[in-house]
Amino acid sequence: MDKFTSRHFAFLIMGASIVSMKTYPTIFTRDGMRDTWIAVMISTVIFIAYFLFILYTCRKFKCQNFYELYCEAVGKPFGTFFIILFAGALFLTLIESASAEANSMHTNMLMETPTWMFLLFFAIPAIYTVGRDKVAIVTVTMIGIVLICMAGINLAMLTAEYKRIDLLFPIFENGLTSGFFIAILESLGLYATVAITLPYLADIKDNKKLLKHALIGMIIVAQMEVVATSGVMMSFDIKYLNTMAYPKLLQTQLVQYMRFLESGELYVMLQILGGWYLKYVISFYALLRVLALLNFRSKFSINIITLVVIIISYFVSENLFVLFRYFNIYAYVSLFNFAIVPTIMTIIFYIKSSAKTKQSQEASLS
């Protein structure tokens with residue numbers, strides 16, 4: 001890989017934003033109930049619109065260093081403050097990725113294997129990938145996304161006969177409830193992890209097709225999330241669905257042929273293990289880039305961060321109820337740091353930059 005292009009960026013978008021909603025959709029289905037699939041469609045439109053606006057602004061005013069964008073928008077002190085919050089959200093994403101992978105495998109697949117063992121075999125190998133720099137991150141992401149998409153297509157075909165579209169209706173049985181709007185916010189918060197890719201923007205040399213490739217990546221993510229959310233809702237009644245921790249893993253247990261051939265779990269294991277690993281390494285490298293922007297560099301930073309993530313993730317993933325409280329909190333942290341703040345900063349930056357451009361044009365004419 002000679003250079004990092006917008007095509008690679010599209011794969012990073014998919015790697016950063018697919019897995020969360022597919023793994024634990026019940027944090028927002030419990031609020032949205034039977035109308036959740038509509039809430040997800042609304043949050044999908046918002047997700048595509050706000051991130052395209054950020055990318056468009058960065059390309060138009062040639063400011064792909066989002067730290068500079070923050071500082072230009074609100075000044076260096078406040079810009080640095082919000083970048084630190086962004087870095088904190090990236091660290092929480094590492095905990096989310098490690099904890100979700102360890103607990104989901106322990107709960108549904110290998111109950112005799114403790115979560116700390118999953119954490120060790122997840123976080124320690126990631127040190128090698130992250131340490132090999134951006135080329136390794138992008139290569140692993142591209143291979144992983146292709147395999148995840150293939151597994152998703154196969155899984156959709158295998159589970160099609162077990163889905164009932166009538167379980168999606170009636171819609172708005174109780175009108176527009178507060179839970180419906182909460183579901184929009186929570187699903188948007190999980191979509192917003194796409195902003196993890198912002199630190200990678202500075203490395204894109206040719207951004208002429210940035211919007212096109214980013215849009216393709218987001219459309220792939222959007223259709224996967226809408227299909228996955230509506231799919232589990234068509235497989236289980238909503239009241240039963242809301243009692244599940246990881247409905248995708250249970251959905252695949254329906255798949256069988258000749259009463260003994262079962263393979264659905266293999267596809268979900270690939271999606272979960274691969275998806276969380278991709279999100280983890282993408283977030284880890286992004287965190288290192290942000291720390292570098294803040295002039296915090298250490299040759300031991302990867303090892304120190306990994307150790308802290310393993311320790312915290314162990315206590316978070318050990319108890320399923322604690323983990324899902326963490327997921328709920330994380331959705332709102334992500335919404336604030338990865339969606340609301342970047343959008344506000346970009347709007348302010350856009351207004352200021354447009355005014356400067358207009359003034360310079362008037363000065364040149366005069």
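A. Representation of the overall build of the chain. Scanning the chain for helices and strands turns up 15 helices and zero strands. In terms of overall dimensions, the chain is globule-like: its C-alpha atoms have a radius of gyration of 21 Å, near the 21 Å expected for 366 residues. Seen along its three principal axes, the alpha-carbon backbone of the chain occupies a region of about 80 × 50 × 35 Å. Within the chain, contacts between residues separated by at least 24 positions form 86% of all contacts whose residues are at least 6 apart in sequence.

B. Here's a closer look at the packing of aromatic side chains. Here the structure, examined in full by the defined rule, presents 25 aromatic pairs. Between the aromatic rings of Y50 and F51, the centroid separation amounts to 6.2 Å while the plane-to-plane angle is 75°, which identifies the pairing as edge-to-face. The pair Y50 / F51 is uniform in exposure class, with both members buried. Centre to centre, the rings of F66 and Y70 are 5.7 Å apart; their planes meet at 80°, and the pair counts as edge-to-face.

C. Inspection of the side chain of T129 at higher detail. By secondary structure assignment, the location of T129 is in helix α7 (residues 115–131). What makes T129 buried here is its relative accessible area of 7%. Polar side-chain contacts of T129 include one of 2.6 Å to the side chain of Y277. When residues no more than four places from it in sequence are discounted, the contact partners of T129 are A136, I137, V140, Y277 and V281.

D. Summary view of the pattern of salt bridges. Applying the stated criterion across every chain yields a total of seven salt bridges. Between K356 and E72 there is a salt bridge, and its shortest N-O distance comes to 3.4 Å. Linking K356 in helix α15 (residues 320–365) with E72 in helix α5 (residues 66–74), this pair joins segments that are 284 residues apart in sequence. Its salt-bridge partner being K279, residue E96 comes within 3.0 Å of it at the nearest N-O pair. Here the residue E96 occupies a position in helix α6 (residues 76–108), and K279 occupies one in helix α13 (residues 264–293), the gap between them amounting to 183 residues. Classification of E96 as buried rests on a relative accessible area of 0%.

About the criteria used
- Residues numbered from 1 in each chain as written.
- Predicted model: local features only at pLDDT ≥ 70, side-chain atom pairs only at ≥ 80, totals over all residues.
- Heavy atoms only, no water.
- Helix = DSSP H or I, 4+ residues; strand = E, 2+ residues; numbered from the N terminus.
- Rg over C-alpha atoms; globule rule 2.2 N^0.38 Å.
- Contact = heavy atoms within 4.5 Å.
- Phe/Tyr/Trp six-rings, centres within 6.5 Å; stacked < 30°, edge-to-face > 60°.
- Buried < 20%, exposed > 50% of the residue type's maximum accessible area, 1.4 Å probe, protein only.
- Polar contact = N/O pair within 3.5 Å; in protein donor to acceptor, adjacent residues only side chain to side chain.
- Salt bridge = Lys/Arg side-chain N within 4 Å of Asp/Glu carboxyl O.

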